[in-house]
Amino acid sequence: MKSPVVKRSIVIVGHKTSVSLEDAFWKGLKEIAGGRGMTMSDLVATIDSERKQGNLSSAIRLFVLDFYRAQLSDLKEEHDAPHESMTAGTASAFA
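What you see is a predicted model; the values in this text were computed from it and never measured.

Participant: If you had to explain the overall build of the protein chain to someone new, which residues and values would you point to?
Facilitator: Looking only at helices and strands, one finds three helices and two strands in the protein chain. Reading the secondary structure of the protein chain in the N-to-C direction produces β-β-α-α-α. Split into buried and exposed, the 95 residues of the protein chain put 19% on the buried side. Intrachain contacts of the protein chain at a sequence separation of at least 6 include 40% that bridge at least 24 residues.

Below you can see the structure in the form of structure tokens.
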């Protein structure tokens, strides 16, 4: 599945700038902003203010990637936690 790069204008702290991202990253960014009750402009401004280096497009891609990686990690921990507690309970029952 190909996700074409889409260039969009966005206002960040009163300044208009253009950002080129693949459509999938625009969708992810919009989803994250909505989930946080923020506008995309506010979220991008936050990402921009926290980036250490690189261009804004790269910073946004890494932010979206990190967001979804964290969600997967949380799901894995939730999935593993009941199993670990059952194992620990069973082990202590035999001690």
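Participant: Requested: an account of the confidence of the model for the protein chain, with residues and values cited.
Facilitator: Close reading of the predicted structure is inappropriate where its pLDDT is low. Chain-level statistics for the protein chain give a pLDDT mean of 86 and a share of 83% at 70 or above. Confidence, read as mean pLDDT per element, is least for helix H3 (residues 56-93) in the protein chain (78) and greatest for helix H1 (residues 23-35) (97). Ignoring residues within four places in sequence, the model shows residues 90-95, a span with pLDDT below 50, making zero contacts including any to other chains.

Participant: If you had to explain unusual backbone geometry to someone new, which residues and values would you point to?
Facilitator: For valine 13, which is not glycine, the phi torsion reads 50° and is therefore positive. Here valine 13 is to be found in the loop between strand S1 (5-12) and strand S2 (15-22). Valine 13 sits in the exposed class, given a relative accessible area of 67%.

Participant: I'd love a proper account of H1, names of residues and values included.
Facilitator: In a regular helix each residue adds 1.5 Å, so 13 residues correspond to 18 Å; H1 covers 18 Å between its end C-alpha atoms and thus fits that length. When we look at burial in H1, the residues that qualify are Trp26, Gly28, Leu29, Ile32 and Ala33. Down the axis of H1, the buried side of the element spans an arc of 165°, and every buried residue falls inside it. Of the residues in H1, the exposed ones pointing more than 90 degrees away from the buried face are Lys27, Lys30, Glu31, Gly34 and Gly35. Count one or two residues on from H1 and you reach glycine 37, which has phi positive near 65°.

Participant: Explain the packing of H1 against helix H2 (residues 40-50) to me, using residue names and the numbers behind them.
Facilitator: In the contact formed by H1 and H2, the axes pass within 9 Å of each other and the chain directions differ by 100°. Relative to H2, the element H1 lies roughly perpendicular. Contacts between H1 and H2 involve Trp26, Leu29, Lys30, Ile32 and Ala33 from the former and Met40, Leu43, Val44 and Ile47 from the latter. A per-class count over the contact of H1 with H2 returns eight nonpolar, no polar and one charged.

Cut-off values and rules
Residues numbered from 1 in each chain as written. Predicted model: local features only at pLDDT ≥ 70, side-chain atom pairs only at ≥ 80, totals over all residues. Heavy atoms only, no water. Helix = DSSP H or I, 4+ residues; strand = E, 2+ residues; numbered from the N terminus. Buried < 20%, exposed > 50% of the residue type's maximum accessible area, 1.4 Å probe, protein only. Contact = heavy atoms within 4.5 Å. pLDDT = per-residue confidence, 0-100. Expected span 1.5 Å × (residues − 1). Arc of directions from axis to C-beta. Axes fitted to C-alpha atoms, helices over the stretch in contact; angles between N-to-C directions. Parallel < 35°, antiparallel > 145°, perpendicular 65-115°, else oblique. Nonpolar A, V, L, I, M, F, W, Y, C, P; charged D, E, K, R; others polar.

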